[in-house]
Amino acid sequence: EQLKNYEGEYTFKGAMAMTIKADSGHLLSLIKGQPVVSFKPLNDVEFYNKSNNALIRFEKNDTGAFTGFRLIKGKQEMEWLRTGSGE
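One structure accompanies this document, and this report is about it. Every value quoted in this text rests on a predicted model; they were computed, and no experiment measured them. (Residues numbered from 1 in each chain as written. Predicted model: local features only at pLDDT ≥ 70, side-chain atom pairs only at ≥ 80, totals over all residues. Heavy atoms only, no water.)

**Observations concerning the overall build of the protein**
Per the secondary structure count, the protein includes zero helices and eight strands. Reading the secondary structure of the protein in the N-to-C direction produces β-β-β-β-β-β-β-β. Across its three principal directions, the C-alpha atoms of the protein cover 30 × 30 × 25 Å. Buried residues in the protein amount to 36% of all 87 residues. Put simply, 28% of the contacts in the protein that link residues at least 6 apart link residues at least 24 apart. Approximately 5,600 Å² of the protein is accessible, and the part contributed by carbon and sulfur atoms is 49%. Considering the protein, the positive charge centre built from 12 side chains and the negative charge centre built from 11 side chains are found 8 Å apart. (Helix = DSSP H or I, 4+ residues; strand = E, 2+ residues; numbered from the N terminus. Buried < 20%, exposed > 50% of the residue type's maximum accessible area, 1.4 Å probe, protein only. Contact = heavy atoms within 4.5 Å. Areas by Shrake-Rupley, 256 points an atom, 1.4 Å probe, with all protein chains shown as cover. Lys, Arg positive; Asp, Glu negative; His and termini not counted. Charge placed at Lys NZ, Arg CZ, Asp CG, Glu CD.)

The following block contains the structure:
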């Protein structure tokens, strides 16, 4: 499944960690102490959560590997960097 490519560990400014997992055609965002959030695919790199009005836009390097994503919620934008694979 293509969504497995997005799975992994991501960090925001080294202070907050998030695990991304693929599940039934969606991506799940798991942050310790917070509820699981499900993101629906919009295209190859963008995923949306309607209840939170949040968009995740993944970024790739020159080899096509995912290096992180931007979490966009309203006017707030957070850059998350990939720190490990989901394996």
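**Re the nonpolar core**
One recurring pattern in soluble globular proteins: nonpolar side chains tend to sit buried together. Leu27, Phe58, Phe69 and Trp80 are the most contacted members of the largest nonpolar core, which has 20 residues in total. Sorting the residues of this core by element identifies β1 (8-12), β2 (16-23), β4 (37-41), β6 (54-60), β7 (66-73) and β8 (76-85) as the ones contributing at least two each. Excluding its chain neighbours within four sequence positions, the residues that come into contact with Leu27 are Leu3, Tyr6, Ile20, Lys21, Ala22, Val37, Ser38, Phe39, Phe47 and Phe58. (Core = buried A, V, L, I, M, F, W, Y, C linked by side-chain atoms within 4.5 Å.)

**Regarding the packing of aromatic side chains**
Here a ring pair, both rings aromatic, is described through the centre-centre distance and the interplanar angle of the planes. With the rule as written, the count across this model stands at ten aromatic pairs. An angle of 70° between the planes, with centres 6.1 Å apart, marks the rings of Tyr10 and Phe58 as edge-to-face. Here the residue Tyr10 occupies a position in strand β1, and Phe58 occupies one in strand β6, the gap between them amounting to 48 residues. Each member of the pair, Tyr10 as well as Phe58, carries the same accessibility label: buried. A ring pair is formed by Phe58 and Phe66, whose centres lie 5.6 Å apart and whose planes are at 70°; its orientation type is edge-to-face. Judged on exposure class, the residue Phe58 and its partner Phe66 are both buried. (Phe/Tyr/Trp six-rings, centres within 6.5 Å; stacked < 30°, edge-to-face > 60°.)

**What about the environment of Leu71?**
Structurally, Leu71 is set in strand β7. Distance in space between the C-alpha atoms of Leu71 and Leu55 is 5.7 Å, their sequence separation being 16 residues. Residues within four places of Leu71 in sequence aside, it is in contact with Phe39, Ala54, Leu55, Ile56, Gln76, Glu77, Met78 and Trp80.

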